[in-house]
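Each chain, written out:
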Amino acid sequence: MSNLDAPRENLARTAYQQLKQDIIQSHFGPGEKLLMTTLKSRYSLGVSPLREALSQLVSERLVTAESQRGFRVSPMSMAELKDIYDARAQLEGLVVELAMARGDDLWEAGVVAAHHALSKVTHLNSVEDQLNQWDHRHQLFHQAVAAGCCSPQLLVVRQTLMDQAARYRYLWLKCTVFSEQALQEKQQEHQALFDALLARNPEAGAMMREHLMSPVAIITQVLSEQGVS
């Protein structure tokens, strides 16, 4: 089935996913104007699904709508970086504390399985494949931990903050996964978190907050080199 034959909602979803990924990975840089002609050509999609995708990305604060002037990629800033990561760390710490209080044997089993999969990521033929695999398993591990909080509302807020952090997080991800030393340090952090969670250690919440704030220094350096203030 061609793009033209696909249902409209599927086209809008495709446009959203592809454009979001391109913004996160800096194919379209901060402040760059998103020209409809460029988007139509790149994604082989019509105006309607692209506008729906852009509207959704505006709600996620990855795109800015300009009155009568179209859309731009939202700017990045040091202030936004620190605010988003602080909010994520505070929320994730709370989620961990609730998960340890509410999580049952099935929650523990999910955390064990996700941690095992994350620890098994090895060097692949392609560095891009390694980045994608590690990031996918990394997110699954943190999702398995968070699931124990048993609060759909908190999990929605958590995902919203993840979406807002995505561009900043990608800068850190490239520095981490492509560095054997940095990756090893992250694996050690995950092992310590894992042990604390299974032991229902009261310090696990604070450990998670520190874990989530650790990328900020690396991202700050990258942004500074790019001239972002």
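Criteria and cut-off values
Residues numbered from 1 in each chain as written. Predicted model: local features only at pLDDT ≥ 70, side-chain atom pairs only at ≥ 80, totals over all residues. Heavy atoms only, no water. Helix = DSSP H or I, 4+ residues; strand = E, 2+ residues; numbered from the N terminus. Rg over C-alpha atoms; globule rule 2.2 N^0.38 Å. Contact = heavy atoms within 4.5 Å. Lys, Arg positive; Asp, Glu negative; His and termini not counted. Charge placed at Lys NZ, Arg CZ, Asp CG, Glu CD. Buried < 20%, exposed > 50% of the residue type's maximum accessible area, 1.4 Å probe, protein only. Arc of directions from axis to C-beta. Phe/Tyr/Trp six-rings, centres within 6.5 Å; stacked < 30°, edge-to-face > 60°. Lys NZ or Arg CZ within 6 Å of the ring centre and 35° of its normal. Pairing = 2+ DSSP bridges. 1 Å grid on protein atoms, 1.4 Å probe; cavity = no way out; pocket = protein on both sides within 12 Å on 5 of 7 lines; lining within 4 Å. Points joined across faces, edges and corners; volume = space filled by probe spheres on them. Nonpolar A, V, L, I, M, F, W, Y, C, P; charged D, E, K, R; others polar. Axes fitted to C-alpha atoms, helices over the stretch in contact; angles between N-to-C directions.

**Notes on the overall build of the protein**
Summing up its helical and strand segments, the protein has 10 helices and three strands in all. Each helix and strand of the protein, placed in order from N terminus to C terminus, yields the pattern α-β-α-α-β-β-α-α-α-α-α-α-α. Computed over C-alpha atoms, the radius of gyration of the protein comes to 19 Å, within 12% of the 17 Å expected from 2.2 N^0.38 for 229 residues, which places it in the range of a compact globule. When contacts within the protein are restricted to residue pairs at least 6 apart in sequence, those whose partners lie at least 24 apart make up 73%. For the protein, the distance from the average position of its 22 positive side-chain charges to the average position of its 26 negative side-chain charges is 7 Å.

**With respect to helix H10 (residues 215–225)**
For H10, every residue scored as buried is listed here: Pro215, Val216, Ile219, Val222 and Leu223. With its buried residues spanning 125° around the axis, H10 presents them on a single face. In H10, the exposed positions that point more than 90 degrees away from the buried face belong to Ala217 and Glu225. Those residues of H10 that are buried lie in contact with helix H4 (78–102), helix H7 (152–177) and helix H9 (204–213). Following H10 by one or two positions, Gly227 adopts a phi angle in the positive range, close to 85°.

**With respect to the environment of Arg69**
By the secondary structure assignment, Arg69 is in the loop between strand S2 (63–66) and strand S3 (70–73). Take Arg69: its relative accessible area is 55%, and that puts it in the exposed class. Residues Arg69 and Thr122, spaced 53 residues apart in sequence, show a C-alpha to C-alpha distance of 47 Å.

**Details of the packing of aromatic side chains**
Scanning the entire structure with this criterion turns up one aromatic pair. If you follow Arg88 out to its NZ or CZ, it ends over the ring of Tyr85, 5.2 Å from the centre.

**Quick notes on the pairing of S2**
Alignment of S2 against S3, held across four bridges, turns out to be antiparallel. Bridging from a neighbouring strand, Thr64 pairs with Arg72 of S3. Between S2 and S3, which pair antiparallel in sequence order, lie three residues; one of them, Gln68, sits at a positive phi of approximately 60°.

**Observations regarding empty space enclosed by the protein**
Evaluation of the coordinates by the stated rule reveals three cavities of 30 Å³ or more. Lining the largest cavity are 16 residues, and of these Arg88, His138, His142, Arg169 and Leu212 sit closest to its centre. Those elements giving two or more residues to the lining of the largest cavity turn out to be H4, helix H6 (127–147), H7 and H9. Considering only residue class, the lining of the largest cavity consists of five nonpolar, six polar and five charged. Here the second largest cavity defines a volume of roughly 40 Å³. Along its surface, the second largest cavity is lined by Glu60, Arg61, Leu62, Glu80, Ile84, Gln164 and Arg167. Breaking the lining of the second largest cavity down by element, the ones donating at least two residues are H4 and H7.

**Focus: the sheet that holds S3**
Reading across the sheet, the three strands line up as S1-S3-S2 and stay open at both edges, with antiparallel pairing between neighbours. Two strands in the sheet have a free side with no partner beyond their single neighbour: strand S1 (33–34) and S2. Where S1 lies against S3, two bridges are found, and the strand directions are antiparallel. Following the sheet pairing, Lys33 is matched in S3 by Arg72. Together, S1, S2 and S3 form the strand contacts of helix H3 (residues 47–59), whose direction differs from that of S2 by roughly 110°.

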